[in-house]
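Structure assessment
Spelled out, the chains give:
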Amino acid sequence: GDVVGQKLKKARLEAVGGVRTEMAASLQVQTIDPDSVRWMRGHSLPVTCVALSPDNATAFSGSKDNAVHRYDIETGQKIVLRKS
């Protein structure tokens, strides 16, 4: 029983590793112009998640401070959706 379990575990790890290798191979490195970076400030604790709207015009961030912020990507204007 233990030998079968070990073989199944090894097969699963190899399968997961193969998926990760395929994903890593599909990633592309892009050079970013430092002048195009916009710093969105406002959280008092580390940010834990960020999402972009489908049109890439709005960013949303959530933080350990329990606040959710919405930012206009073009202007950097922040709207606090939920305060801590």
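The notes below deal with the structure included here.

**Points about unusual backbone geometry**
Even without a glycine there, the phi angle at asparagine 56 is positive, about 60°. Of note, asparagine 56 is situated in the loop between β1 (47–52) and β2 (58–63). Positive phi, close to 65°, is recorded for asparagine 66, a residue that is not glycine. Structurally, asparagine 66 can be placed in the loop between β2 and β3 (68–72).

**A short note on the pairing of β1**
Among the six residues of β1, zero are classified as buried, and the element is accordingly described as predominantly exposed. In textbook terms, the turn of a hairpin is the stretch between consecutive antiparallel strands, and for β1 and β2 this stretch comprises five residues, one of which, asparagine 56, has a positive phi near 60°.

What counts, and at which threshold
Residues numbered from 1 in each chain as written. Predicted model: local features only at pLDDT ≥ 70, side-chain atom pairs only at ≥ 80, totals over all residues. Heavy atoms only, no water. Helix = DSSP H or I, 4+ residues; strand = E, 2+ residues; numbered from the N terminus. Buried < 20%, exposed > 50% of the residue type's maximum accessible area, 1.4 Å probe, protein only. Pairing = 2+ DSSP bridges.

The values reported here are purely geometric and, on their own, carry no functional implication.
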